[in-house]
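If you want the building blocks of each chain, they are given just below.
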Amino acid sequence: MRKKMKKKMVLAGLALTLLPVGLQATQQPNIILFLVDDCSSHELGCYGNTMVSTPNIDALAEGGIKFKTAWATPVCVSSRAAIMSGQYGFRNGAYGNSYIEKETYDAMPSEKMTLFRAMKESGYATFHGGKWHLPTSPADPDWGVDEYFLYGSLMGGDGLKQEWIQEYSGSWWGWGNANKFSPTQKDRHSPSATWHPMVIENDLLRSTGPDDFGPEMLGDAALDFAQRSKNDEKPFFIYYSSHLTHFPWTEMKVPGDHEVTKTEPGMVSNVQYLDTAVGRLVNALKAMGEYENTVIFFMADNPTYGLGKGAASEIGAHVPFIVAGGSNWVKWHGETGSLTDCVDLYPTLLELADHRTLQSQVLDGQSLVPLLEGDRTHSREWIFSYTFGFHRMIRNRDYSLDAQGQLWRCNPSGNPFTFEKIETDNEASRTARMVLESQLEHLPIPDEDQMKKNPKVYKQYVNVMAGQLTHRQKTAETFYQTGVQRLLNRPGRRKYDLK
(Lines give C-alpha, C1' and ligand atoms only; values in the text may rest on other atoms or scores of the structure.)
Protein backbone atom coordinates (compact mmCIF):
# COMPACT_ATOMS: atom_id res chain seq x y z
CA MET A 1 0.00 0.00 0.00
CA ARG A 2 2.81 2.40 0.94
CA LYS A 3 4.67 1.57 -2.30
CA LYS A 4 1.56 2.36 -4.37
CA MET A 5 1.05 5.65 -2.51
CA LYS A 6 4.71 6.62 -2.99
CA LYS A 7 4.49 5.77 -6.69
CA LYS A 8 1.38 7.96 -7.06
CA MET A 9 3.14 10.90 -5.34
CA VAL A 10 6.18 10.56 -7.63
CA LEU A 11 3.95 10.45 -10.71
CA ALA A 12 1.99 13.49 -9.49
CA GLY A 13 5.21 15.42 -8.97
CA LEU A 14 6.49 14.38 -12.39
CA ALA A 15 3.21 15.51 -13.97
CA LEU A 16 3.62 18.95 -12.41
CA THR A 17 7.13 19.31 -13.78
CA LEU A 18 5.90 18.36 -17.24
CA LEU A 19 3.10 20.94 -17.35
CA PRO A 20 3.35 23.35 -20.30
CA VAL A 21 5.28 26.50 -19.48
CA GLY A 22 2.13 28.60 -19.94
CA LEU A 23 0.30 26.70 -17.19
CA GLN A 24 3.24 26.89 -14.81
CA ALA A 25 3.40 30.64 -15.38
CA THR A 26 -0.10 31.17 -13.96
CA GLN A 27 1.44 31.66 -10.50
CA GLN A 28 3.11 34.85 -11.77
CA PRO A 29 1.42 36.61 -14.66
CA ASN A 30 3.28 38.61 -17.24
CA ILE A 31 2.45 42.26 -16.57
CA ILE A 32 2.23 45.09 -19.08
CA LEU A 33 1.75 48.66 -17.90
CA PHE A 34 0.63 50.56 -20.99
CA LEU A 35 0.91 54.22 -19.99
CA VAL A 36 -0.56 56.71 -22.45
CA ASP A 37 0.79 60.26 -22.54
CA ASP A 38 -1.67 63.19 -22.29
CA CYS A 39 -4.92 61.39 -23.09
CA SER A 40 -8.31 62.10 -21.54
CA SER A 41 -10.90 59.37 -21.16
CA HIS A 42 -13.11 61.50 -23.45
CA GLU A 43 -10.82 60.63 -26.39
CA LEU A 44 -11.88 56.96 -26.37
CA GLY A 45 -14.98 55.25 -27.71
CA CYS A 46 -15.47 53.12 -24.60
CA TYR A 47 -15.75 56.33 -22.57
CA GLY A 48 -18.36 57.84 -24.87
CA ASN A 49 -16.43 59.45 -27.75
CA THR A 50 -18.44 59.07 -30.98
CA MET A 51 -16.03 61.04 -33.19
CA VAL A 52 -13.05 58.67 -33.08
CA SER A 53 -12.92 54.92 -33.69
CA THR A 54 -10.98 53.03 -31.01
CA PRO A 55 -12.15 49.41 -31.49
CA ASN A 56 -9.10 47.74 -29.92
CA ILE A 57 -9.17 49.81 -26.72
CA ASP A 58 -12.94 49.37 -26.59
CA ALA A 59 -12.49 45.59 -26.86
CA LEU A 60 -9.90 45.69 -24.08
CA ALA A 61 -12.45 47.49 -21.89
CA GLU A 62 -15.25 45.12 -22.86
CA GLY A 63 -13.15 42.07 -21.99
CA GLY A 64 -11.73 43.60 -18.82
CA ILE A 65 -12.59 46.09 -16.08
CA LYS A 66 -13.17 49.72 -17.03
CA PHE A 67 -12.90 52.27 -14.24
CA LYS A 68 -15.29 55.20 -14.40
CA THR A 69 -13.24 57.15 -11.84
CA ALA A 70 -9.47 56.91 -11.92
CA TRP A 71 -7.12 59.78 -11.07
CA ALA A 72 -3.54 60.58 -11.95
CA THR A 73 -1.91 63.98 -11.45
CA PRO A 74 -2.53 66.78 -13.98
CA VAL A 75 1.03 66.70 -15.41
CA CYS A 76 3.48 64.03 -16.53
CA VAL A 77 6.37 63.76 -14.08
CA SER A 78 4.42 63.61 -10.83
CA SER A 79 2.20 60.79 -12.15
CA ARG A 80 5.18 58.76 -13.36
CA ALA A 81 7.04 59.20 -10.08
CA ALA A 82 3.93 58.13 -8.14
CA ILE A 83 3.58 54.99 -10.27
CA MET A 84 7.24 54.07 -9.83
CA SER A 85 7.28 54.63 -6.05
CA GLY A 86 3.71 53.94 -4.94
CA GLN A 87 3.86 57.30 -3.16
CA TYR A 88 2.42 60.78 -3.48
CA GLY A 89 4.67 63.76 -4.14
CA PHE A 90 5.18 64.68 -0.49
CA ARG A 91 7.08 61.39 -0.15
CA ASN A 92 8.82 61.06 -3.54
CA GLY A 93 9.57 64.77 -4.13
CA ALA A 94 7.73 65.07 -7.49
CA TYR A 95 4.83 67.50 -7.12
CA GLY A 96 4.72 68.33 -10.82
CA ASN A 97 7.02 68.99 -13.75
CA SER A 98 8.78 71.69 -11.71
CA TYR A 99 10.70 69.97 -8.94
CA ILE A 100 10.36 71.45 -5.48
CA GLU A 101 12.00 68.82 -3.29
CA LYS A 102 14.60 68.03 -5.95
CA GLU A 103 16.97 66.19 -3.64
CA THR A 104 14.24 63.70 -2.72
CA TYR A 105 13.13 63.33 -6.33
CA ASP A 106 16.66 62.79 -7.71
CA ALA A 107 17.40 60.19 -5.03
CA MET A 108 14.34 58.12 -5.93
CA PRO A 109 16.01 55.21 -7.78
CA SER A 110 18.56 54.61 -5.05
CA GLU A 111 16.47 55.39 -1.96
CA LYS A 112 13.16 53.88 -3.06
CA MET A 113 12.27 50.34 -4.02
CA THR A 114 11.30 51.25 -7.57
CA LEU A 115 8.56 49.33 -9.35
CA PHE A 116 11.11 47.96 -11.82
CA ARG A 117 13.42 46.73 -9.07
CA ALA A 118 10.59 45.13 -7.12
CA MET A 119 9.49 43.26 -10.23
CA LYS A 120 13.07 42.21 -10.96
CA GLU A 121 13.45 40.90 -7.40
CA SER A 122 10.27 38.90 -7.97
CA GLY A 123 11.92 37.06 -10.86
CA TYR A 124 10.66 39.17 -13.76
CA ALA A 125 12.52 40.23 -16.87
CA THR A 126 12.03 44.02 -16.94
CA PHE A 127 11.71 46.34 -19.93
CA HIS A 128 11.13 50.06 -20.34
CA GLY A 129 9.90 51.27 -23.71
CA GLY A 130 9.18 54.82 -24.89
CA LYS A 131 9.08 58.02 -22.89
CA TRP A 132 11.06 58.24 -19.65
CA HIS A 133 10.59 61.60 -17.82
CA LEU A 134 12.01 60.33 -14.51
CA PRO A 135 15.26 60.95 -12.58
CA THR A 136 18.58 59.74 -14.05
CA SER A 137 17.84 57.22 -16.83
CA PRO A 138 16.89 53.55 -17.18
CA ALA A 139 20.61 52.86 -17.63
CA ASP A 140 20.99 53.53 -13.88
CA PRO A 141 21.09 50.03 -12.31
CA ASP A 142 19.24 51.30 -9.24
CA TRP A 143 16.05 51.41 -11.31
CA GLY A 144 16.13 47.69 -12.06
CA VAL A 145 15.59 47.85 -15.83
CA ASP A 146 17.04 44.92 -17.78
CA GLU A 147 16.55 46.39 -21.26
CA TYR A 148 15.16 49.62 -22.66
CA PHE A 149 14.08 51.29 -25.87
CA LEU A 150 14.05 54.99 -25.08
CA TYR A 151 12.74 58.01 -26.94
CA GLY A 152 15.02 61.04 -26.71
CA SER A 153 11.89 63.21 -26.71
CA LEU A 154 10.88 64.53 -23.27
CA MET A 155 13.49 62.30 -21.69
CA GLY A 156 14.01 64.17 -18.41
CA GLY A 157 16.53 62.82 -15.92
CA ASP A 158 20.08 62.91 -17.21
CA GLY A 159 18.86 64.37 -20.49
CA LEU A 160 20.48 63.86 -23.85
CA LYS A 161 24.16 63.11 -24.28
CA GLN A 162 26.06 65.47 -26.54
CA GLU A 163 27.14 62.63 -28.83
CA TRP A 164 23.49 61.72 -29.37
CA ILE A 165 22.62 65.32 -30.24
CA GLN A 166 25.51 65.53 -32.68
CA GLU A 167 24.75 62.23 -34.40
CA TYR A 168 20.96 62.62 -34.61
CA SER A 169 19.82 63.98 -37.99
CA GLY A 170 16.06 64.14 -37.41
CA SER A 171 13.90 67.12 -36.45
CA TRP A 172 13.23 68.91 -33.17
CA TRP A 173 10.14 70.50 -31.63
CA GLY A 174 9.59 72.82 -28.67
CA TRP A 175 6.68 74.00 -26.55
CA GLY A 176 7.20 77.61 -27.66
CA ASN A 177 5.85 76.67 -31.09
CA ALA A 178 4.93 73.02 -30.91
CA ASN A 179 3.34 72.90 -34.34
CA LYS A 180 6.60 73.66 -36.16
CA PHE A 181 9.70 71.52 -36.36
CA SER A 182 13.27 72.73 -36.41
CA PRO A 183 16.21 71.05 -38.17
CA THR A 184 18.50 71.77 -35.22
CA GLN A 185 18.42 71.40 -31.46
CA LYS A 186 17.59 74.52 -29.45
CA ASP A 187 17.12 75.25 -25.79
CA ARG A 188 14.11 73.35 -24.37
CA HIS A 189 13.51 71.55 -27.64
CA SER A 190 12.93 67.80 -27.92
CA PRO A 191 13.79 65.43 -30.77
CA SER A 192 10.98 63.76 -32.68
CA ALA A 193 9.40 60.61 -31.28
CA THR A 194 7.30 59.88 -34.37
CA TRP A 195 8.95 60.27 -37.80
CA HIS A 196 12.75 59.93 -37.89
CA PRO A 197 12.79 59.54 -34.10
CA MET A 198 15.71 59.76 -31.71
CA VAL A 199 15.90 56.29 -30.18
CA ILE A 200 18.35 55.15 -27.51
CA GLU A 201 18.50 51.39 -27.14
CA ASN A 202 20.41 50.15 -24.09
CA ASP A 203 22.54 53.33 -24.02
CA LEU A 204 23.32 53.28 -27.75
CA LEU A 205 21.85 55.75 -30.24
CA ARG A 206 19.99 53.79 -32.89
CA SER A 207 20.26 54.94 -36.49
CA THR A 208 16.90 56.05 -37.90
CA GLY A 209 15.74 57.69 -41.12
CA PRO A 210 12.80 59.79 -42.40
CA ASP A 211 10.61 56.72 -43.02
CA ASP A 212 11.18 55.21 -39.59
CA PHE A 213 8.14 55.62 -37.33
CA GLY A 214 8.76 55.68 -33.57
CA PRO A 215 5.46 54.20 -32.32
CA GLU A 216 5.85 51.22 -34.66
CA MET A 217 9.47 50.71 -33.57
CA LEU A 218 8.40 50.79 -29.92
CA GLY A 219 5.84 48.06 -30.59
CA ASP A 220 8.51 45.96 -32.33
CA ALA A 221 10.88 46.32 -29.36
CA ALA A 222 8.26 45.49 -26.71
CA LEU A 223 7.01 42.40 -28.55
CA ASP A 224 10.55 41.19 -29.23
CA PHE A 225 11.29 41.42 -25.50
CA ALA A 226 8.08 39.53 -24.67
CA GLN A 227 8.95 36.74 -27.12
CA ARG A 228 12.52 36.40 -25.85
CA SER A 229 11.30 36.32 -22.23
CA LYS A 230 8.83 33.59 -23.13
CA ASN A 231 11.64 31.62 -24.80
CA ASP A 232 13.65 31.97 -21.57
CA GLU A 233 10.61 30.75 -19.59
CA LYS A 234 10.64 33.94 -17.54
CA PRO A 235 7.67 36.20 -16.71
CA PHE A 236 8.05 39.71 -18.11
CA PHE A 237 7.19 43.18 -16.88
CA ILE A 238 6.91 45.65 -19.74
CA TYR A 239 6.46 49.35 -19.04
CA TYR A 240 5.05 50.40 -22.41
CA SER A 241 5.34 54.17 -22.05
CA SER A 242 3.75 55.52 -25.21
CA HIS A 243 4.65 59.02 -26.42
CA LEU A 244 1.18 59.18 -27.97
CA THR A 245 -0.93 61.24 -27.58
CA HIS A 246 1.45 63.97 -26.40
CA PHE A 247 2.07 67.03 -28.52
CA PRO A 248 3.04 67.48 -31.32
CA TRP A 249 0.11 65.79 -33.07
CA THR A 250 1.98 64.88 -36.24
CA GLU A 251 0.84 62.57 -39.05
CA MET A 252 0.72 58.88 -38.20
CA LYS A 253 1.65 55.87 -40.30
CA VAL A 254 -1.23 54.14 -42.07
CA PRO A 255 -1.32 50.66 -40.47
CA GLY A 256 -0.80 47.60 -42.65
CA ASP A 257 0.36 49.58 -45.68
CA HIS A 258 3.44 48.14 -47.38
CA GLU A 259 4.35 51.61 -48.59
CA VAL A 260 5.04 54.36 -46.07
CA THR A 261 1.75 56.24 -46.18
CA LYS A 262 0.90 59.02 -43.75
CA THR A 263 -2.43 60.03 -42.26
CA GLU A 264 -3.67 63.56 -41.76
CA PRO A 265 -2.06 65.19 -38.72
CA GLY A 266 -4.07 65.97 -35.59
CA MET A 267 -5.27 64.48 -32.34
CA VAL A 268 -7.81 62.21 -34.03
CA SER A 269 -5.19 60.32 -36.07
CA ASN A 270 -2.93 60.12 -33.00
CA VAL A 271 -5.70 58.48 -30.96
CA GLN A 272 -6.45 56.09 -33.79
CA TYR A 273 -2.82 54.98 -34.04
CA LEU A 274 -2.72 54.56 -30.28
CA ASP A 275 -5.63 52.18 -30.72
CA THR A 276 -3.68 50.36 -33.46
CA ALA A 277 -0.73 49.93 -31.09
CA VAL A 278 -2.99 48.42 -28.40
CA GLY A 279 -4.57 46.06 -30.93
CA ARG A 280 -1.20 44.94 -32.23
CA LEU A 281 0.01 44.21 -28.68
CA VAL A 282 -3.07 42.19 -27.73
CA ASN A 283 -3.12 40.23 -30.98
CA ALA A 284 0.58 39.39 -30.71
CA LEU A 285 0.17 38.18 -27.11
CA LYS A 286 -2.66 35.91 -28.26
CA ALA A 287 -0.61 34.64 -31.19
CA MET A 288 2.30 33.68 -28.92
CA GLY A 289 -0.09 32.04 -26.45
CA GLU A 290 0.63 34.55 -23.68
CA TYR A 291 -2.54 36.65 -23.43
CA GLU A 292 -4.11 34.35 -20.81
CA ASN A 293 -0.83 34.53 -18.87
CA THR A 294 -0.76 38.35 -18.94
CA VAL A 295 -2.42 41.23 -17.12
CA ILE A 296 -2.55 44.54 -18.99
CA PHE A 297 -2.99 47.87 -17.20
CA PHE A 298 -3.97 50.66 -19.59
CA MET A 299 -3.84 54.15 -18.08
CA ALA A 300 -2.97 57.76 -18.96
CA ASP A 301 -0.52 59.90 -17.00
CA ASN A 302 -2.81 62.94 -17.28
CA PRO A 303 -5.57 64.30 -19.53
CA THR A 304 -5.14 65.70 -23.03
CA TYR A 305 -3.42 69.03 -23.56
CA GLY A 306 -6.23 71.58 -23.99
CA LEU A 307 -8.83 69.27 -22.47
CA GLY A 308 -7.84 69.25 -18.81
CA LYS A 309 -4.07 68.74 -18.59
CA GLY A 310 -2.62 70.95 -15.87
CA ALA A 311 -6.02 71.98 -14.50
CA ALA A 312 -6.15 71.91 -10.70
CA SER A 313 -9.56 70.32 -10.73
CA GLU A 314 -11.29 66.99 -11.40
CA ILE A 315 -10.90 67.43 -15.16
CA GLY A 316 -7.12 67.66 -14.66
CA ALA A 317 -6.93 64.43 -12.67
CA HIS A 318 -9.52 62.18 -14.34
CA VAL A 319 -7.93 59.63 -16.71
CA PRO A 320 -8.92 56.42 -18.52
CA PHE A 321 -8.04 53.20 -16.73
CA ILE A 322 -8.67 49.64 -17.93
CA VAL A 323 -7.41 46.32 -16.56
CA ALA A 324 -7.68 43.23 -18.77
CA GLY A 325 -5.99 39.91 -19.40
CA GLY A 326 -5.94 36.33 -18.22
CA SER A 327 -9.02 35.09 -16.39
CA ASN A 328 -6.89 33.67 -13.55
CA TRP A 329 -6.30 37.26 -12.43
CA VAL A 330 -9.00 39.43 -14.02
CA LYS A 331 -11.93 37.28 -12.95
CA TRP A 332 -14.80 39.40 -14.19
CA HIS A 333 -15.40 42.12 -16.74
CA GLY A 334 -17.56 45.21 -16.81
CA GLU A 335 -17.67 48.78 -15.55
CA THR A 336 -16.84 49.81 -12.01
CA GLY A 337 -17.44 52.94 -9.98
CA SER A 338 -14.65 52.01 -7.55
CA LEU A 339 -12.28 54.88 -6.86
CA THR A 340 -8.60 54.49 -7.65
CA ASP A 341 -5.59 56.68 -8.40
CA CYS A 342 -2.13 56.14 -9.84
CA VAL A 343 -0.40 55.17 -6.57
CA ASP A 344 -2.57 52.03 -6.49
CA LEU A 345 -0.69 50.52 -9.44
CA TYR A 346 2.42 49.84 -7.37
CA PRO A 347 0.88 47.66 -4.63
CA THR A 348 -1.37 45.96 -7.19
CA LEU A 349 1.52 44.90 -9.41
CA LEU A 350 3.61 43.79 -6.43
CA GLU A 351 0.78 41.58 -5.14
CA LEU A 352 0.28 40.03 -8.57
CA ALA A 353 4.03 39.39 -8.76
CA ASP A 354 4.01 37.85 -5.27
CA HIS A 355 6.55 40.37 -3.99
CA ARG A 356 6.12 40.22 -0.23
CA THR A 357 9.13 42.06 1.22
CA LEU A 358 9.20 45.84 0.93
CA GLN A 359 11.64 46.90 3.65
CA SER A 360 10.38 50.11 5.30
CA GLN A 361 8.94 51.95 2.27
CA VAL A 362 5.60 53.56 3.09
CA LEU A 363 3.00 53.12 0.35
CA ASP A 364 0.13 55.52 -0.21
CA GLY A 365 -1.77 53.23 -2.57
CA GLN A 366 -4.00 50.21 -2.07
CA SER A 367 -3.93 46.99 -4.06
CA LEU A 368 -6.71 46.47 -6.58
CA VAL A 369 -6.30 42.69 -6.52
CA PRO A 370 -9.45 42.09 -4.39
CA LEU A 371 -11.47 43.98 -7.01
CA LEU A 372 -9.86 42.04 -9.87
CA GLU A 373 -10.68 38.80 -8.08
CA GLY A 374 -14.38 39.64 -7.85
CA ASP A 375 -14.96 41.84 -4.79
CA ARG A 376 -16.88 44.54 -6.66
CA THR A 377 -17.40 46.56 -3.49
CA HIS A 378 -13.64 47.06 -3.10
CA SER A 379 -12.77 50.77 -3.42
CA ARG A 380 -10.67 53.54 -2.00
CA GLU A 381 -12.61 55.81 0.37
CA TRP A 382 -10.94 58.84 -1.21
CA ILE A 383 -8.46 59.66 -3.98
CA PHE A 384 -5.97 62.53 -4.15
CA SER A 385 -4.16 64.61 -6.75
CA TYR A 386 -2.04 67.76 -6.94
CA THR A 387 0.08 70.18 -8.94
CA PHE A 388 3.02 71.95 -7.30
CA GLY A 389 1.94 70.31 -4.05
CA PHE A 390 -0.23 73.18 -2.87
CA HIS A 391 -2.84 72.93 -5.65
CA ARG A 392 -4.56 69.93 -4.14
CA MET A 393 -7.67 67.98 -5.12
CA ILE A 394 -9.46 65.26 -3.20
CA ARG A 395 -12.71 63.38 -3.68
CA ASN A 396 -14.81 60.55 -2.35
CA ARG A 397 -17.76 58.76 -3.91
CA ASP A 398 -20.15 61.69 -3.64
CA TYR A 399 -18.14 64.92 -3.53
CA SER A 400 -15.01 66.42 -5.05
CA LEU A 401 -13.03 69.36 -3.64
CA ASP A 402 -10.82 71.15 -6.18
CA ALA A 403 -7.76 73.35 -5.65
CA GLN A 404 -9.89 76.50 -5.68
CA GLY A 405 -11.81 75.20 -2.68
CA GLN A 406 -14.88 74.62 -4.84
CA LEU A 407 -17.09 71.70 -3.87
CA TRP A 408 -18.66 69.53 -6.57
CA ARG A 409 -21.39 66.93 -6.33
CA CYS A 410 -20.27 63.88 -8.31
CA ASN A 411 -22.55 61.51 -10.19
CA PRO A 412 -22.26 57.81 -11.12
CA SER A 413 -21.26 58.55 -14.73
CA GLY A 414 -17.74 59.47 -13.63
CA ASN A 415 -17.66 62.25 -16.27
CA PRO A 416 -16.40 65.34 -14.43
CA PHE A 417 -17.92 67.69 -17.01
CA THR A 418 -21.34 66.58 -15.75
CA PHE A 419 -20.64 67.25 -12.07
CA GLU A 420 -22.59 69.97 -10.26
CA LYS A 421 -20.77 72.82 -8.56
CA ILE A 422 -22.36 73.42 -5.16
CA GLU A 423 -23.00 77.14 -4.84
CA THR A 424 -25.26 77.15 -1.77
CA ASP A 425 -24.05 76.61 1.77
CA ASN A 426 -26.11 74.13 3.78
CA GLU A 427 -25.53 71.42 6.36
CA ALA A 428 -24.92 68.70 3.76
CA SER A 429 -22.32 70.73 1.85
CA ARG A 430 -20.63 71.88 5.06
CA THR A 431 -20.33 68.28 6.24
CA ALA A 432 -19.01 67.13 2.87
CA ARG A 433 -16.41 69.90 2.83
CA MET A 434 -15.36 69.18 6.41
CA VAL A 435 -14.84 65.47 5.66
CA LEU A 436 -12.61 66.18 2.64
CA GLU A 437 -10.68 68.99 4.30
CA SER A 438 -10.00 66.82 7.35
CA GLN A 439 -8.42 64.21 5.07
CA LEU A 440 -6.22 66.87 3.43
CA GLU A 441 -4.76 67.67 6.85
CA HIS A 442 -2.88 64.35 6.66
CA LEU A 443 -1.49 65.09 3.19
CA PRO A 444 1.18 67.78 3.65
CA ILE A 445 2.14 70.56 1.24
CA PRO A 446 5.80 71.26 0.37
CA ASP A 447 8.01 73.06 2.83
CA GLU A 448 7.94 76.83 2.20
CA ASP A 449 11.73 77.11 2.24
CA GLN A 450 11.90 74.45 -0.45
CA MET A 451 9.38 76.36 -2.57
CA LYS A 452 11.48 79.50 -2.34
CA LYS A 453 14.21 77.71 -4.27
CA ASN A 454 11.90 77.78 -7.29
CA PRO A 455 10.79 81.42 -7.75
CA LYS A 456 8.09 80.55 -10.29
CA VAL A 457 6.49 78.02 -7.96
CA TYR A 458 6.84 80.25 -4.92
CA LYS A 459 5.17 83.18 -6.67
CA GLN A 460 2.17 80.99 -7.41
CA TYR A 461 2.10 79.81 -3.82
CA VAL A 462 2.10 83.38 -2.50
CA ASN A 463 -0.71 84.31 -4.89
CA VAL A 464 -2.76 81.30 -3.83
CA MET A 465 -2.30 82.11 -0.15
CA ALA A 466 -3.48 85.65 -0.92
CA GLY A 467 -6.62 84.29 -2.53
CA GLN A 468 -5.69 85.13 -6.13
CA LEU A 469 -6.69 82.90 -9.01
CA THR A 470 -3.76 81.37 -10.86
CA HIS A 471 -3.60 80.62 -14.58
CA ARG A 472 -4.28 76.95 -13.89
CA GLN A 473 -7.37 77.77 -11.89
CA LYS A 474 -8.68 80.13 -14.56
CA THR A 475 -8.02 77.48 -17.20
CA ALA A 476 -10.05 74.93 -15.26
CA GLU A 477 -12.99 77.33 -15.08
CA THR A 478 -12.78 77.98 -18.83
CA PHE A 479 -12.75 74.27 -19.61
CA TYR A 480 -15.82 73.61 -17.50
CA GLN A 481 -17.70 76.48 -19.12
CA THR A 482 -16.69 75.41 -22.62
CA GLY A 483 -17.80 71.81 -22.14
CA VAL A 484 -16.20 68.59 -23.30
CA GLN A 485 -18.00 68.30 -26.65
CA ARG A 486 -16.97 71.78 -27.79
CA LEU A 487 -13.42 71.14 -26.62
CA LEU A 488 -13.31 67.92 -28.66
CA ASN A 489 -14.63 69.77 -31.73
CA ARG A 490 -11.99 72.51 -31.78
CA PRO A 491 -10.39 72.81 -35.25
CA GLY A 492 -6.88 72.99 -33.77
CA ARG A 493 -7.11 69.35 -32.74
CA ARG A 494 -7.36 68.29 -36.39
CA LYS A 495 -4.88 70.64 -38.07
CA TYR A 496 -1.12 70.73 -37.91
CA ASP A 497 1.54 72.73 -39.74
CA LEU A 498 4.71 70.76 -40.37
CA LYS A 499 6.33 73.26 -42.71
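Note on numbering: residues in each chain are counted from 1, in written sequence order. In keeping with the model being predicted, local features are shown solely for residues with a pLDDT of at least 70 and side-chain atom pairs are shown and tallied solely at 80 or more, while totals for entire chains, interfaces and linings include all residues. For the side-chain quantities, the full set of heavy atoms in the structure was used; hydrogens and water were omitted.

(A) Seen up close, the packing of helix 3 (residues 55–62) against helix 11 (residues 267–287). For helices, the fitted line uses only the C-alpha atoms of the stretch in contact; every axis is such a line through C-alpha atoms, and the angle between N-to-C directions lies from 0 to 180 degrees. Counting from the N terminus, the helices are DSSP H or I runs at least four residues long and the strands are E runs at least two residues long. Orientation of helix 3 relative to helix 11, taken along the N-to-C sense of each, is 55°, at an axis distance of 7 Å. Comparing the axis directions of helix 3 and helix 11 gives the class oblique. On helix 11, the residues touching Pro55, Asn56, Ile57 and Leu60 of helix 3 are Leu274, Asp275, Thr276, Val278, Gly279 and Val282. Each residue gets one of three labels, nonpolar for Ala, Val, Leu, Ile, Met, Phe, Trp, Tyr, Cys and Pro, charged for Asp, Glu, Lys and Arg, and polar for the others, Gly among them. Class assignment for the residues of the contact of helix 3 with helix 11 results in 6 nonpolar, 3 polar and 1 charged. Here the angle decides the label: under 35 degrees means roughly parallel, over 145 means roughly antiparallel, 65 to 115 means roughly perpendicular, and every other value means oblique. We call two residues in contact when some of their heavy atoms are within 4.5 Å.

(B) The arrangement of helix 18 (residues 471–482) in detail. Its 12 residues give helix 18 an end-to-end C-alpha distance of 16 Å, which sits within 8% of 16 Å, the value for a rise of 1.5 Å per residue. Along helix 18, the residues classified as buried are Gln473, Thr475, Ala476, Glu477, Phe479 and Tyr480. Buried residues in helix 18 make contact with helix 12 (314–317), strand 15 (391–395), strand 17 (407–409), strand 18 (420–421) and helix 19 (484–488). The span one expects for a helix is its residue count, reduced by one, times 1.5 Å. Whether a residue is buried, partly exposed or exposed follows from its accessible area with a 1.4 Å probe, protein chains only, as a fraction of its type maximum: under 20%, in between, or over 50%, in that order.

(C) Spotlight on unusual backbone geometry. In this structure, the amide linkage connecting leucine 244 to the following residue, threonine 245, adopts the cis form with an omega of 10°. By the secondary structure assignment, threonine 245 is in the loop between strand 9 (236–241) and helix 11. Of the consecutive residues phenylalanine 247 and proline 248, the connecting peptide bond is found in the cis state with omega at -5°. Mapped onto the secondary structure, proline 248 falls in the loop between strand 9 and helix 11. At phenylalanine 388, a position not held by glycine, the phi torsion is positive, near 60°. Tracing the backbone shows phenylalanine 388 in the loop between strand 14 (383–387) and strand 15.

(D) Looking closely at the side chain of aspartate 341. You can see aspartate 341 is positioned in strand 13 (residues 334–341). A residue is classified by how much of its surface remains accessible, and aspartate 341, at 1% relative accessible area, is buried. If near-sequence neighbours (up to four positions away) are discounted, aspartate 341 is found in contact with Trp71, Tyr88, Met299, Arg380, Ile383 and Phe384.

(E) Seen up close, the packing of aromatic side chains. Pairing of aromatic side chains here covers Phe, Tyr and the six-membered ring of Trp, requires ring centres within 6.5 Å, and sorts the geometry by plane angle: under 30 degrees stacked, over 60 edge-to-face, intermediate tilted. Across all of its chains, the model carries 24 aromatic pairs by this definition. Here tyrosine 99 and tyrosine 105 contribute two aromatic rings whose centre-to-centre distance is 4.4 Å and whose plane-to-plane angle is 20°, an arrangement assigned as stacked. Judged by its relative accessible area of 24%, tyrosine 99 is partly exposed. Assessed through its relative accessible area of 2%, tyrosine 105 is described here as buried. Taken together, a centroid distance of 5.9 Å and an interplanar angle of 50° make the contact between phenylalanine 417 and tyrosine 480 tilted. Taken together, the residues phenylalanine 417 in the loop between strand 17 and strand 18 and tyrosine 480 in helix 18 connect sequence positions 63 residues apart. A single burial state applies to phenylalanine 417 and to tyrosine 480, both of which are buried. Here the aromatic cluster, defined as three or more aromatic residues joined through ring pairs, consists of Tyr88, Phe90, Tyr95, Phe384 and Tyr386. The cationic tip of arginine 380 hangs over the ring face of tryptophan 382; the distance from NZ or CZ to the ring centre is 5.1 Å. Consider the ring centre and the ring normal. A charge sits over the ring if Lys NZ or Arg CZ is within 6 Å of that centre and within 35 degrees of that normal.

(F) Highlighting the packing of helix 10 (residues 214–231) against helix 11. Interhelical geometry of helix 10 versus helix 11 gives an angle of 20° and a closest axis separation of 11 Å. One finds that helix 10 runs roughly parallel with respect to helix 11. In this structure, helix 10 meets helix 11 at a crossing whose hand is right-handed. On helix 11, the residues touching Pro215, Glu216, Gly219, Asp220 and Leu223 of helix 10 are Tyr273, Arg280, Leu281 and Ala284. By residue class, the composition of the contact of helix 10 with helix 11 is 5 nonpolar, 1 polar and 3 charged. By definition, any crossing whose near helix is turned counterclockwise from its far helix by less than a right angle is left-handed, and any crossing with a clockwise turn is right-handed.

(G) Structural detail: the sheet that holds strand 16 (residues 399–401). Whether two strands pair depends on DSSP finding at least two bridges between them. The strand order across the open sheet formed by 5 strands is 14-15-16-17-18, and the pairing between neighbours is antiparallel. Edge positions in the sheet fall to strand 14 and strand 18, since each has one partner strand and no second. In this structure, strand 14 lies alongside strand 15, joined through 5 bridges in antiparallel fashion. Each residue of the ladder has a partner; that of serine 385, found in strand 15, is methionine 393.

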